[in-house]
Amino acid sequence: MEFKKTIGIEVHAQIDTKTKLFSRALVDDMAKPNSQVDFLDAGFPGTLPVPNKQAILMALKTCLALNMEINNISIFDRKHYFYQDLPLGYQITQFYKPIGINGYIDCSFGRVRINRLHIECDAGKSIYKDGHTFIDLNRAGVGLMEIVTEPDLHTENEVIEFMKELRAILLAIKTCKADMEKGNLRADVNLSVAKEGDPLGTRVEIKNLNSFSTIKKAITYEEQVQIDTILSGKEVDQCTKLYDSEKNITKTIRAKENAMDYAYFPDADLLPVFLSDAIIEETKNNLPMLPKQMREYLSDLGVAKEQAYILTETSVRFDFFNELLNDITKYLAFKVSNWVCSELLGKLSKLEIELEDFLIGKVNFSSNFAKIINLFESGEITRTIAKTMIDHIIEKDLSFDVLFKNSDLLTKCAINLDALIIKILNNSPSEVEKFKKGKVQIVMYFVGIVMKETKGQINAELIKEKVLEQLNLFINKID
Ligand code: MN
């Protein structure tokens, strides 16, 4: 019997503002526990929320990048529930009238519709340790965008592609840091299975998945649980589960609540959010290049399709690539993209470090990398040497000259001394002509250039020998 799974995603994306959604406390996931807490975040009586304009504008920008319709008036509601890390006793969210509705993201397998995007507050963190529960309120009140898709996804790979594209969009428009490990992008997966052709089955929600690999594993596991349940003649219970990545299982944490349970009502402390057509239009016109357009741009430069996806996964990658191209105008972009995708990103992924983290504090990396590609593409160094050099610059961020002054790399480069000499001869027709007419001492002129280019690392006699050899071949070829 063939089963088909149907998946919808709810994403919580932390809005990348300096301060929280309704208080002056800073957003800082590295801060000491409970050091970034305002009276409002701690639920003190008499405190009032003040909306963060920047956060609302960032949510607007995100809606527009996701092709959504904007509600000129959206409203903040209270969602009531009791939990130790929610001092207010309610979450401020947008239930009845969210800021954005009816958007979509186009993926390679088709369009994924986005039902809504609403703005809400995050809760604090409960930390369970040694039989105690500790509460950190630094996260309480941080602004989130909840992005809810329609059930348009059917496989693990489709979900991952969608999540990657959403992440790339958020990074391109800089409204969310989108670091899943740090929890500023979290996904809830709603999954149901049904026999091909049957109506949709009962869905189970798996909450707070914070990496692409756990999303994948949780779906695969939960799909099998539901299929086994149906095959054994039982019914799937609608419920909320958590994924345990150590045991690779999903386990039920509660039966699914209905909206009624939360007693939603508009927050009387907050005025409706009004967004004029003018501000919507202006925000729309100022959207930066989005991943889809970046890929079109790269493909116009001749970059292969799969590499265009890799280079636009984060805007840091795309910007880095463009910075390199500025230094390597002479060569084709597709060659540069080979170097970046296979040599650089390949190596970094083995080291388990993202390009954005790797580049922190490295000022010379891009120009060193460009110089190596230039040396290889002009035939002055072999591929093996280029790769060795790349290994070196990944380890040390020195300027190119300093980096290679005391290393034996340039001596190794002499393997291709001939190519360097030929290039110099090609660039000096009048000196070659003088040599041809019998001015033999001109050979020292070339030796000087070669020594300078190889930073004095190669024996002058050897260079002289090589130059003479190449000069004779050269003039014979001209004749
Ligand atoms: Mn939510």
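To keep things clear, this report deals only with the structure shown in the data block. (Residues numbered from 1 in each chain as written. Predicted model: local features only at pLDDT ≥ 70, side-chain atom pairs only at ≥ 80, totals over all residues. Heavy atoms only, no water.)

## A look at the coordination of the manganese ion
For clarity, the cut-off: Note: metal donors comprise N, O and S atoms at 2.8 Å or less from the metal (3.2 Å for Na, K and Ca); water molecules are not included, so apparent gaps in a site are possible. Burial classes: relative accessible area under 20% of the type maximum marks a residue as buried, over 50% as exposed, and values in between as partly exposed (1.4 Å probe, protein chains only).
Surrounding the manganese ion are the protein donor atoms His12 (NE2), Glu120 (OE) and Glu146 (OE), at 2.0 to 2.2 Å. Glu120 sits in the buried class, given a relative accessible area of 4%. Overall, Glu146 belongs to the buried group, its relative accessible area being 11%.

## A closer look at the sheet that holds strand 15 (residues 265-266)
The cut-off we apply is this: Strands are labelled as partners when DSSP assigns at least two bridges between them. Strands are runs of DSSP state E lasting at least two residues, helices are runs of H or I lasting at least four, and both sets are numbered from the N terminus onward.
Pairing within the open sheet is antiparallel, and its three strands lie in the order 5-4-15. Only two strands of the sheet have a single neighbouring strand rather than two, namely strand 5 (90-93) and strand 15. Of the strand pairs in this sheet, strand 4 (residues 77-80) and strand 15 are connected by two bridges, and their pairing is antiparallel. Each residue of the ladder has a partner; that of Asp77, found in strand 15, is Pro266.

## Notes on empty space enclosed by the protein
In plain terms, the rule: Only protein atoms enter the 1 Å grid used here. Points where a 1.4 Å probe fits but cannot escape make up a cavity, open sets with protein on both sides within 12 Å along at least five of seven lines make up a pocket, and a residue lines them when an atom lies within 4 Å of a point. Grid points are joined across faces, edges and corners, and a volume is the space filled by probe spheres set on the points. By the convention adopted, Pro, Cys, Tyr, Trp, Phe, Met, Ile, Leu, Val and Ala count as nonpolar, Lys, Arg, Asp and Glu as charged, and the other residues, Gly among them, as polar.
By the definition in use, this model includes one cavity of 30 Å³ or more. The wall of the largest cavity is formed by 13 residues, among which Leu88, Cys121, Asp122, Ala140 and Gly141 lie closest to the centre. With three residues, the top contributor of residues to the lining of the largest cavity is strand 5. Class assignment of the residues belonging to the lining of the largest cavity gives a composition of nine nonpolar, two polar and two charged.

## Topic: the nonpolar core
The following threshold applies: Among buried residues, the Ala, Val, Leu, Ile, Met, Phe, Trp, Tyr and Cys ones that are joined through side-chain atoms within 4.5 Å form a nonpolar core.
Of all hydrophobic cores here, the largest spans 60 residues; its most connected members are Ile9, Leu66, Ile99, Leu117, Phe162, Met163 and Ile215. The greatest single-element share of this core, amounting to nine residues, is contributed by helix 2 (residues 156-173). Counting residues in each nonpolar core, the second largest holds 37 residues, with Ala172, Met294, Leu311 and Ala370 among its members.

## What to know about the packing of helix 5 (residues 291-300) against helix 7 (residues 315-327)
Defined as follows: To get an axis, a line is fitted to the C-alpha atoms, and for a helix only the part in contact is used. The angle between two axes follows their N-to-C directions and goes from 0 to 180 degrees. What sets the label is the angle itself: under 35 degrees gives roughly parallel, over 145 gives roughly antiparallel, 65 to 115 gives roughly perpendicular, and the rest give oblique. Should the near helix be turned counterclockwise from the far one by less than a right angle, the crossing is left-handed, whereas a clockwise turn marks it as right-handed. Any two residues having at least one pair of non-hydrogen atoms within 4.5 Å are treated as being in contact.
Close contact between helix 5 and helix 7 brings their axes to 12 Å; oriented N to C, the two are set at 30°. Judged by the inter-axis angle, helix 5 sits roughly parallel to helix 7. Relative to helix 7, helix 5 is oriented so that their crossing is left-handed. Listed contacts from helix 7 to Met294, Tyr297 and Leu298 of helix 5 are Ser315, Phe318, Phe321 and Asn322. Considering only residue class, the contact of helix 5 with helix 7 consists of five nonpolar, two polar and no charged.

## As for unusual backbone geometry
For Ala178, which is not a glycine, the phi torsion comes out positive at approximately 55°. Looking at the element boundaries, Ala178 is found in the loop between helix 2 and strand 11 (185-195). You can call Ala178 buried: its relative accessible area is 0%. Its identity is not glycine, yet Glu352 carries a phi of approximately 55°, on the positive side. With respect to the helices and strands, Glu352 occurs in the loop between helix 8 (333-350) and helix 9 (355-358).

## Considering the side chain of Thr312
Structurally, Thr312 is set in the loop between helix 6 (305-311) and helix 7. Accessibility expressed as a relative area gives 2% for Thr312, which makes it buried. When residues no more than four places from it in sequence are discounted, the contact partners of Thr312 are Ala168, Pro291, Met294, Arg295, Leu298 and Phe318.

## Re the layout of surface pockets
Considered as a void within the structure, the second largest pocket measures approximately 1300 Å³ in volume. Arg167, Asp179, Glu354, Glu356 and Asp357 are, among the 40 residues lining the second largest pocket, the residues nearest its centre. Only helix 2, helix 3 (212-231), helix 7, helix 8 and helix 9 provide two or more residues apiece to the lining of the second largest pocket. Residues of the lining of the second largest pocket, tallied by class, amount to 13 nonpolar, 10 polar and 17 charged.

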